[in-house]
Amino acid sequence: MKSFGNKLFPTLMVLLALTAGSMSLQEAEAGGYSRSASSPQDFSGERNRPVRVRGGITPHHDVALGMIRRFYEHIGSAEVRRVWLFSPDHFGRARAFAALSPADWQTPERILEADREACSSLASLSVAGSDESLFRREHGITVHIPLVARYFPNASVVPVVIGAKTPDLALIILKNAIRDLLRDGDAIILSMDLSHYKPPEAMAAEDRKTLEVLTKLRPHGTGDIDVDARRAAALVLMLFRELGTGEGTVLEHSDSSRVLGRRIESGTSYATILFAEGPHPLQTGKNGGVEELEQK
């Protein structure tokens, strides 16, 4: 059980974050608040090489299930041993800024085990906590669980739901903690849809700005884009920046009108984006790879 002091800490943290203002993520992006991930040190002072992870952004609306599956076909690997899966808190149910699930998942492929060690470590933070009842009804997570189990057959999972009102300082605390837990071969996946409740032309204009922020790894720009996971996006982009991940590659960009084959005046848009350290190993594949996929 957390101490009384720990229970007061989130309130104090909010006040500190408000005092810090909108520059917090910009300062973190510039290298403030933490050591550089390009030269991490252990307690003996010796330098360790940075970890290498793969990652990406993919929708969670079932309308875009075809896009989601093609994303997993690109990023999936038997070499990955752990998947970090981030989602927005769609219905405001979370009792902490970051909600965690230490329970295993029964899927058609196999039992997808939770990484309890990582969940326990994050749950010890005052900005996070286990909230099992939240997850079975959070489609930002449940849409992806069977696909994680199938396309990462040897991986465990760390599902994390990030609240819409999570302040910058809480994101930085989470980023530092997650960074220190990351291992070679981990995968980071952000479950996120783009523009909401707009006609196709308005979504296309909005998404041009959004995709620039996402692919160029600009966490401080996430507050001004139309997505349903701004806070989770800021966290994931900060992680990618510190890990030395290269700019993102857009696999597909679409909207509900194009997916359904009829005009939707109040629709949603979607994108799948891949990130990797250095030259992207998945940019070229059979039959033309990304270029062919973008034309579908």
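**Student:** A description of the environment of Asp 255 should follow, citing residues and the corresponding values.
**Tutor:** Position of Asp 255 relative to the elements: it lies in strand β10 (residues 249-255). Once the C-alpha coordinates of Asp 255 and Ala 271 are considered, the two residues, 16 residues apart in sequence, prove to be 8.5 Å apart. Ignoring sequence-local partners within four residues, the contact set of Asp 255 consists of Pro 200, Met 203, Thr 268, Ser 269 and Tyr 270. A polar contact of 2.9 Å, which involves the side chain of Asp 255, links it to the backbone nitrogen of Ser 257. At 3.0 Å, the side chain of Asp 255 and the backbone nitrogen of Arg 258 are in polar contact.

**Student:** So what about the packing of aromatic side chains? Which residues, and what values?
**Tutor:** One pass over the structure, following the stated rule, counts 4 aromatic pairs. Aromatic side chains Tyr 72 and Phe 152 sit 6.3 Å apart centroid to centroid with 80° between the ring planes, which places their arrangement in the edge-to-face category. On the criterion of sequence distance, the pair formed by Tyr 72 in helix α3 (residues 65-75) and Phe 152 in the loop between α7 (145-151) and β7 (156-162) is long-range, its members being 80 residues apart. The burial state of Tyr 72 is the same as that of Phe 152; both residues are buried.

**Student:** Describe the side chain of His 196, with residues and values.
**Tutor:** With respect to the helices and strands, His 196 occurs in strand β9 (residues 196-198). Accessibility expressed as a relative area gives 16% for His 196, which makes it buried. When sequence neighbours within four positions are dropped, the list of residues in contact with His 196 reads His 61, Asp 226, Asp 228, Gly 267 and Thr 268.

**Student:** Which residues make up helix α4 (residues 116-123), and what values do they have?
**Tutor:** For α4, the complete set of buried residues consists of Ala 118, Cys 119, Leu 122 and Ala 123. One side of α4 holds all its buried residues, which, seen down the axis, span an arc of 130°.

**Student:** So what's going on with the nonpolar core? Residues and values would help.
**Tutor:** Counting 48 residues, the largest nonpolar core has Trp 84, Phe 86, Ile 162, Ile 188, Leu 190 and Met 192 as the members making the most contacts within it. Among the elements that line this core, the one with the most residues is helix α10 (residues 230-242), at 9 residues. Every residue in contact with Phe 86, bar those within four places of it in the chain, is listed here: Val 160, Ile 162, Ile 178, Ile 188, Ile 189, Leu 190, Ser 191, Leu 235, Val 236 and Leu 239. Formed by 26 residues, the second largest nonpolar core is a distinct cluster that contains Ala 99, Leu 147, Ala 149 and Tyr 151.

**Student:** Quick one: what's the story with the pairing of strand β11 (residues 267-276), residue by residue and with numbers?
**Tutor:** Most of β11 sits inside the fold, with 10 of its 10 residues counted as buried. Burial along β11 is two-sided: the residues Gly 267, Ser 269, Ala 271, Ile 273 and Phe 275 and Thr 268, Tyr 270, Thr 272, Leu 274 and Ala 276 are all buried. Two strands pair when backbone bridges link them, and strand β1 (residues 54-58) and β11 are joined in this way by 4 bridges, in the antiparallel orientation. By the bridge assignment for β11, Gly 56 is matched with Leu 274.

**Student:** Summarise the pattern of salt bridges; cite the residues concerned and give the values.
**Tutor:** For the structure on display, the rule yields 17 salt bridges. With its nearest N and O atoms 2.9 Å apart, the salt bridge here joins Asp 186 to Arg 82. Taken together, the residues Asp 186 in the loop between α8 (168-181) and β8 (187-191) and Arg 82 in strand β2 (residues 82-88) connect sequence positions 104 residues apart. Arg 82 sits in the buried class, given a relative accessible area of 2%. Arg 136 is the salt-bridge partner of Glu 132, the closest N and O atoms lying 3.2 Å from each other. Overlapping salt bridges, with partners in common, bring together Arg 82, Asp 115, Arg 183 and Asp 186 in one network.

**Student:** Hey, could you go over the packing of α8 against α10 for me, with residue numbers and the actual values?
**Tutor:** Put simply, α8 and α10 touch, their axes get as near as 10 Å, and they point 45° apart. By the criterion of interaxial angle, the relationship of α8 to α10 is oblique. Pair α8 / α10 crosses with right-handed handedness. Each of Asp 168, Leu 171, Ile 172, Leu 174, Lys 175, Ile 178 and Arg 179 in α8 lies in contact with α10, whose residues at this interface are Arg 231, Ala 234, Leu 235, Met 238, Leu 239 and Glu 242. Residues that form the contact of α8 with α10 fall into these classes: 8 nonpolar, no polar and 5 charged.

**Student:** Would you mind going over the environment of Ala 232 in detail, with residue names and values included?
**Tutor:** Looking at where Ala 232 falls in the secondary structure, it is placed in helix α10. Ala 232 sits 72 residues away from Val 160 along the chain, and the two C-alpha atoms are 9.0 Å apart. Not counting the four nearest positions on each side in its chain, Ala 232 is found in contact with Ser 87, Ile 162 and Leu 190.

**Student:** Go over the pairing of β10 with me, naming the residues and quoting the values.
**Tutor:** Summarising burial for β10: 5 of the 7 residues are buried, a large majority. The pairing of β10 with β11 spans 6 bridges and is classified as antiparallel. Bridge pairing in β11 places Thr 249 opposite Leu 274.

**Student:** Describe the environment of Leu 182, listing the residues and the values that go with them.
**Tutor:** By secondary structure assignment, the location of Leu 182 is in the loop between α8 and β8. For the pair formed by Leu 182 and Val 53, sequence separation is 129 residues and the distance between their alpha carbons is 8.2 Å. Leu 182 has contacts with Val 51, Arg 82, Trp 84, Ile 188, Leu 239 and Leu 243, leaving out every residue within four places of it along the chain.

Thresholds applied
- Residues numbered from 1 in each chain as written.
- Predicted model: local features only at pLDDT ≥ 70, side-chain atom pairs only at ≥ 80, totals over all residues.
- Heavy atoms only, no water.
- Helix = DSSP H or I, 4+ residues; strand = E, 2+ residues; numbered from the N terminus.
- Contact = heavy atoms within 4.5 Å.
- Polar contact = N/O pair within 3.5 Å; in protein donor to acceptor, adjacent residues only side chain to side chain.
- Phe/Tyr/Trp six-rings, centres within 6.5 Å; stacked < 30°, edge-to-face > 60°.
- Buried < 20%, exposed > 50% of the residue type's maximum accessible area, 1.4 Å probe, protein only.
- Arc of directions from axis to C-beta.
- Core = buried A, V, L, I, M, F, W, Y, C linked by side-chain atoms within 4.5 Å.
- Pairing = 2+ DSSP bridges.
- Salt bridge = Lys/Arg side-chain N within 4 Å of Asp/Glu carboxyl O.
- Axes fitted to C-alpha atoms, helices over the stretch in contact; angles between N-to-C directions.
- Parallel < 35°, antiparallel > 145°, perpendicular 65-115°, else oblique.
- Left-handed = near helix turned anticlockwise from the far one by under 90°.
- Nonpolar A, V, L, I, M, F, W, Y, C, P; charged D, E, K, R; others polar.

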